[in-house]
Amino acid sequence: MRTRSLGKKKINIITLGCSKNIYDSEVLMGQLRANGKDVVHEGKGEIVVVNTCGFIDNAKEESINTILSCAKAKRNGTIEKLFVTGCLSERYKDDLEREIPDVDQYFGTQDLPILLKHLGADYKHELVGERLLTTPKHYAYLKISEGCDRPCSFCAIPLMRGKHRSTPIENLVRQAKSLAKEGVKELILIAQDLTYYGLDIYKRRALGDLLQSLTKIKEIEWIRLHYAFPSGFPRDVLHIIKREPKICNYIDIPLQHSNTRVLKSMKRGTTLDRTNALLQDFRQMVPGMAIRTTLIVGYPGETLEEFEEMKAWVGEQEFDRLGCFTYSHEENTGAYTLDDDVPQEEKERRAAEIMDIQAQISFNKNQEKIGEIFRVLLDRKEGEFWVGRTEFDSPDVDNTVMIRLSSKELKPGEFCHVKISSATEFDLFGDLI
Ligand code: SF4
């Protein structure tokens, strides 16, 4: 392997999939930059690394199409070298090597040092998560653990990411401090299962301890929690969210379904009653907390009656933010042995019905915000508006606040106060005060 030939060639990293893949690409870019490499994110470069997603059908298709278009660019000489890493590559390496041989090398999700070698760089242990951010400089994802020990029957993530491994608190605090020095104000905590944090290395749930350490970092103003898991939810975290003003009154907790028989088949380790009890605790212990969730429709054997029950439950629970996926029949997952008996068209009809209900709920909730004043973090300028978010909104997945331009000089990453004057399903409009 002649590393010198890569010399000063520009390396272009393309990231697909979730925020955990964004984090991994940023770590890869940080390592390359520290090796003096010229690296860009989704720009132009003679060398391309595609960081793929292998979660469900649509995501896999997008990853394969991206690899194919890069392979074509390599055949017509636009790029010289093409490397593929990430979840799809971890899961389907043999098939991909056979079907898309233009790729110089395929890597798994835990192959960073080898990938770096192929890019003419050495893995630098001392960097400890130091990254080249691809997000706007005022917010960053912080991956607190890798992998997952849960047996959810529909999920292929453990096949691609391995067993749960928590990153020690001191390492995460060091990462957060270096991000804060770079101007990060909002830390978005991510994992496959955030609430499992610490069970491996501390033999107890330690998300609460981690939060208390992170809130001590002066420059960090917002800490946001994503990917919590319902069963075994550490209630102490709710007390900390309530007490610590820096922790956003916000929680993302994919619940996937409401029907107890379906939850059992999904191996989610919970029931409708226990789910409702948890949601009640959220609302009683942290009044006004925004709850984001994700649901799956069309799971094998899901009857129309069970779906109608979930629809009614969505109407009752009135989540603040909700996303809905159609079930994807993933080989080597527990549910793959079941009959994928809900037709795709019916899956999509069910997902659309859930999202119609949610759009109305979101519209009503946003109408109630008219006349209120919110603290808003500015993300960018767009035409006649500044675009920002309240503590109840995560980047790219939740609502935005559209602020009419005024004479006041503003910049991304600044906090300001906005009085809401109008609202739609997913956006609030207002003026600076
Ligand atoms: S918690 Fe369940 S759904 Fe989430 S990554 Fe783990 S196995 Fe998949």
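See above for the structure.
Once a new chain begins, its residue numbering starts again from 1 and follows that chain's sequence as written. Totals for whole chains, interfaces and linings use all residues, but because this is a predicted model, local features are given only for residues with pLDDT of at least 70 and pairs of side-chain atoms are given and counted only at 80 or more. The side-chain figures draw on all heavy atoms in the structure; neither hydrogens nor water molecules are used.

S.K.: Sorry, what's going on with helix 10 (residues 272-285) here?
M.R.: One turn of an α-helix holds 3.6 residues; hence residues three or four places apart share an orientation. Secondary structure elements are defined from DSSP: runs of H or I of at least 4 residues count as helices, runs of E of at least 2 residues count as strands, and each element is numbered from the N terminus. Helices are assigned an expected span. That span is 1.5 Å times one less than the residue count. The end-to-end C-alpha distance of helix 10 is 20 Å, a good match for the 20 Å that 14 residues give at a rise of 1.5 Å each. By definition, residues are in contact when any of their heavy atoms lie within 4.5 Å. In this structure, the buried residues of helix 10 make contact with helix 8 (236-243), strand 11 (247-252), helix 9 (260-265), strand 12 (290-297) and helix 11 (304-317).

S.K.: I tried to follow unusual backbone geometry on my own but got confused; where do I start?
M.R.: Where the residue is not glycine, phi is negative for most of them; where a peptide bond is considered, it is trans in most cases. Notably, Gln256 is not glycine yet its phi reads approximately 70 degrees, a positive angle. Positionally, Gln256 belongs in the loop between strand 11 and helix 9. Buried means the residue's accessible area, taken with a 1.4 Å probe over protein chains only, is under 20% of the maximum for its type, while exposed means over 50%, and partly exposed covers the values in between. Given a relative accessible area of 10%, Gln256 falls into the buried group. At Asn332, a position not held by glycine, the phi torsion is positive, near 70 degrees. Asn332 gets classed as exposed once you look at its relative accessible area, which sits at 63%.

S.K.: Help me out: how do you make sense of the site of the ligand in this one?
M.R.: Neighbouring the ligand are Cys148, Arg150, Cys152, Phe154, Cys155, Ile157, Pro158, Gln192, Phe229 and Arg268. Its residues assigned to classes, the shell around the ligand comprises seven nonpolar, one polar and two charged. What makes a residue near a molecule or strand is one non-hydrogen atom of that residue sitting within 4 Å of it. In this count, Pro and Cys sit with the nonpolar residues alongside Ala, Val, Leu, Ile, Met, Phe, Trp and Tyr, while Asp, Glu, Lys and Arg are called charged and the others, Gly among them, polar.

S.K.: I tried to follow the packing of helix 10 against helix 11 on my own but got confused; where do I start?
M.R.: A packed helix pair is summarised by two numbers, namely the angle formed by the two axes and the spacing between the axes. Between N-to-C directions, angles span 0 to 180 degrees; the directions come from axes that are lines fitted to C-alpha atoms, helices contributing only their stretch in contact. It is at 13 Å that the axes of helix 10 and helix 11 come closest, and there the two elements cross at 10 degrees. By the angle between their directions, the pair helix 10 and helix 11 is classed as roughly parallel. When the axes of helix 10 and helix 11 are compared, the crossing they make is right-handed. The residues of helix 11 that touch helix 10, namely those facing Leu272, Thr275, Asn276, Leu279 and Arg283, are Glu309, Trp313 and Gln317. Any angle between 65 and 115 degrees counts as roughly perpendicular, while under 35 counts as roughly parallel, over 145 as roughly antiparallel, and the rest as oblique. Less than a right angle of anticlockwise turn of the near helix away from the far helix marks a crossing as left-handed, whereas a clockwise turn marks it as right-handed.

S.K.: Would you mind showing me how to read the side chain of Arg268 here?
M.R.: Assignment of secondary structure puts Arg268 in the loop between helix 9 and helix 10. Only four residue types enter the charge count, namely Lys and Arg as positive and Asp and Glu as negative; His and the chain termini do not. A pair is scored as a salt bridge if a Lys or Arg side-chain nitrogen falls within 4 Å of a carboxyl oxygen belonging to Asp or Glu. Although Arg268 is buried, it makes no salt bridge; Asp193 carries the closest opposite charge, 8.0 Å away. For Arg268, the residues in contact, after removing those within four places along its chain, are Cys152, Phe154, Phe229, Pro230, Ser231, Pro254, Leu255, Gln256 and Leu263.

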